[in-house]
Amino acid sequence: MKPAAFIRHVPRTLDEAVKILADVAPMDGRVLAGGQSLVPIMAFRLAKPAHLVDINEVEGLDKFVSDGKFLSIGACVRHAAFHKSVVDNPLGKLLTYVARHIAHYPIRVRGTFCGSLAHADPASEWCLVAATLDATMVAKSTRGERLIPAKEFFQGIMATALAEDELLAQVRLPLLATDAKFGFNEFNRRAGDFALASALVTYRLQGGKIADARIGIGGAESSPRRMTEAEAALNGQVPGDKIFRAAAEAAASAIEPLEDHQTNAEYRRDLVRAVVRRALEHSA
Ligand SMILES: Cc1cc2nc3c(=O)[nH]c(=O)nc-3n(C[C@H](O)[C@H](O)[C@H](O)COP(=O)(O)OP(=O)(O)OC[C@H]3O[C@@H](n4cnc5c(N)ncnc54)[C@H](O)[C@@H]3O)c2cc1C
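If you're wondering where the values come from, they're calculated on a predicted model, not measured in any experiment.

In terms of helices and strands, the chain carries 10 helices and 12 strands. The C-alpha atoms of the chain give 19 Å as radius of gyration, which agrees with the globular expectation for 284 residues (19 Å, within 12%). Dimensions along the principal axes, computed over C-alpha positions, put the chain at roughly 60 × 45 × 30 Å. Burial statistics for the chain: of 284 residues in total, 51% are counted as buried.

Dropping the structure here:
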């Protein structure tokens, strides 16, 4: 099928973009970034926006900025930008490792980091990164700028705290400690498919024991989130198989698994147990 008719607006500045979005949002106007989720949905006529605010020509949105505390990622930064490390910090390596698990190369060349967050697919790797690292979303509208913590941003399957006239202009990820370790694992049936479950872990070692543990789970619940129960099982412990299994068990017990035509709750719980353990093994 072909998309229903729409009007495409091509602003050149962020102010112009939010002004147009404010005008067209009440008429089902939407932001168009990489188009890798929106365009297929439009082609199937599951969405019929009358207006698209194409942000690809907006000056400055394809930039990274690192101020020593945060890495800020602009709205038009593509997944493929992370194929090589973008910041001299363990976060750079983490993003490079995760990026290669997103879809396929042609999709990574067009799709954007911020578009993934705005789309909020529960299985999105970037949503998992944002939730695990407690990212801050910078939303812009004609009313000004609003900072939204990841915990409040993700509100369920493809639902976020963004108002219809707000543009996700930037996402700020905190840099990791220079000695931080990370591990990532996801399970999908075919390479490039959305993950049925994924896990991201980061921590430091203090005197040989785990400190500042973060464990995030994606794909298994309606939104990715940190698993504090599993983090508690790691902090203060010497890394090793027994402790990794204990954390994996804690995560598997704590989740409220999604069920769909591919998976029942028990299977997904099992997957969570596996991806957490594997992510921890990867970190070590
Ligand atoms: C075959 C296939 C496989 C895929 N596999 C994966 C995968 O494994 N993992 C994964 O994470 N993704 C996957 N994707 C999705 C892909 O990563 C998309 O790029 C991403 O979900 C959306 O980013 P985009 O820039 O293309 O957004 P678009 O498609 O342009 O927009 C998506 C939605 O977000 C809104 N939006 C976009 N940018 C903004 C913004 N800055 N402010 C406010 N709203 C905005 C749009 O209005 C729209 O509603 C896959 C896609 C395809 C087609």
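Moving on, we get to the sheet that holds strand β3 (residues 51-54). Taken together, 3 strands build an open sheet; the order of strands is β1-β3-β2 and the sheet is parallel. The strands lining the two open edges of the sheet, one partner per strand, are β1 (7-9) and β2 (29-32). Strand-to-strand twist in this sheet, taken as the mean axis angle between neighbours without regard to direction, amounts to 25 degrees. In the sheet, β1 pairs with β3 via 3 bridges, with the strands oriented parallel. Of the residues in β3, the one forming a bridge with H9 is V53. Where helix α1 (residues 14-24) meets the sheet, it contacts β1, β2 and β3, and its direction lies at approximately 170 degrees from that of β3.

Inspection of the region around the ligand gives 30 residues, with V31, Q36, L38, T112 and E125 positioned closest. The backbone of V31 places a nitrogen or oxygen atom 2.6 Å from an oxygen atom of the ligand. For the ligand, an oxygen atom lies 2.8 Å from a polar atom in the backbone of G34. Coverage of the ligand by the protein chains reaches 88% of its 960 Å² of free accessible surface. When residues of the shell around the ligand are traced back to their parent elements, those giving at least two are β2, α5 (113-119) and β8 (167-174). When residues of the shell around the ligand are assigned to their parent elements, the largest contribution, 4 residues, is made by α5. The residue makeup of the shell around the ligand, split by class, is 14 nonpolar, 12 polar and 4 charged.

Contact pair helix α9 (residues 241-254) / helix α10 (residues 265-283): the axes reach a minimum separation of 8 Å and the direction vectors enclose 145 degrees. Handedness of the α9/α10 crossing: right-handed. Here D241, F244, R245, A247, A248, E249, A251, A252 and S253 of α9 lie close against α10, whose contacting residues are R269, V272, R273, V276, R277, L280 and E281. When the residues that make up the contact of α9 with α10 are grouped by side-chain class, the tally is 8 nonpolar, 1 polar and 7 charged.

Moving on, we come to the sheet that holds strand β6 (residues 136-141). Spatially, 5 strands are ordered β4-β5-β8-β6-β7 in an open sheet, and the strand pairing comes out antiparallel. The sheet is open, and its two edges are formed by β4 (64-66) and β7 (144-149), each paired on a single side. Strand-to-strand, the axes of this sheet are offset by a mean angle of 20 degrees, without reference to chain direction. Here 3 bridges tie β4 to strand β5 (residues 70-74), and the two strands are oriented antiparallel to one another. Paired with F64 across the bridge in β5 is I73.

Right, let's get into the environment of M158. Tracing the chain through its elements places M158 in the loop between α7 (150-153) and β8. Separated by 71 residues in the primary sequence, M158 and V87 have C-alpha atoms spaced 29 Å apart. With residues near it in sequence (within four places) discarded, M158 still touches H119, A120 and D121.

Tallied over the full model, the rule gives 21 salt bridges. A salt bridge links E221 to R225; the nearest nitrogen and oxygen atoms lie 2.6 Å apart. A residue is classified by how much of its surface remains accessible, and E221, at 9% relative accessible area, is buried. The exposure class of R225 is partly exposed, given its relative accessible area of 29%. Across the salt bridge formed by R277 and E281, the nearest N and O atoms sit 3.2 Å from each other. Placement of the pair is R277 and E281 together in helix α10, with a separation of 4 residues, close to one helical turn. Here the salt bridges share partners, and the residues they tie into one network are D134, R214, R226 and E231.

Rules behind the numbers
- Positions within a chain are numbered from 1, following the residues in the order the chain's sequence is written.
- Reporting in this predicted model follows two pLDDT cut-offs: at least 70 for local features of residues, and 80 or more for side-chain atom pairs to be given and counted; totals over whole chains, interfaces and linings ignore these cut-offs and use all residues.
- To get the side-chain values, take all heavy atoms of the structure and skip hydrogens and water.
- For helices the rule is a DSSP run of H or I covering at least 4 residues; for strands it is a run of E covering at least 2, with both sets numbered from the N terminus onward.
- Only C-alpha atoms enter the radius of gyration; for comparison, a globular chain is expected to reach 2.2 Å times N to the power 0.38, where N is the number of residues.
- Burial classes: relative accessible area under 20% of the type maximum marks a residue as buried, over 50% as exposed, and values in between as partly exposed (1.4 Å probe, protein chains only).
- A pair of strands counts as paired when DSSP detects no fewer than two bridges linking them.
- For helices, the fitted line uses only the C-alpha atoms of the stretch in contact; every axis is such a line through C-alpha atoms, and the angle between N-to-C directions lies from 0 to 180 degrees.
- For this analysis, residues touch if any pair of their heavy atoms sits within 4.5 Å.
- We call a residue near a molecule or strand as soon as one heavy atom of that residue lies within 4 Å of the molecule or strand.
- What qualifies as a polar contact is a pair of N or O atoms within 3.5 Å, subject to a donor-acceptor requirement within protein and to the restriction that residues adjacent in sequence count only when both atoms come from side chains.
- Calculation of accessible area relied on Shrake-Rupley with a 1.4 Å probe; when residues are assessed, cover is drawn exclusively from the protein chains displayed.
- For this classification, the nonpolar set comprises Ala, Val, Leu, Ile, Met, Phe, Trp, Tyr, Cys and Pro, the charged set comprises Asp, Glu, Lys and Arg, and every other residue, Gly included, is treated as polar.
- Here a crossing is called left-handed whenever its near helix is offset anticlockwise from the far helix by less than a right angle, and right-handed whenever the offset is clockwise.
- Only one rule defines a salt bridge in this text: a Lys or Arg side-chain nitrogen within 4 Å of an Asp or Glu carboxyl oxygen.

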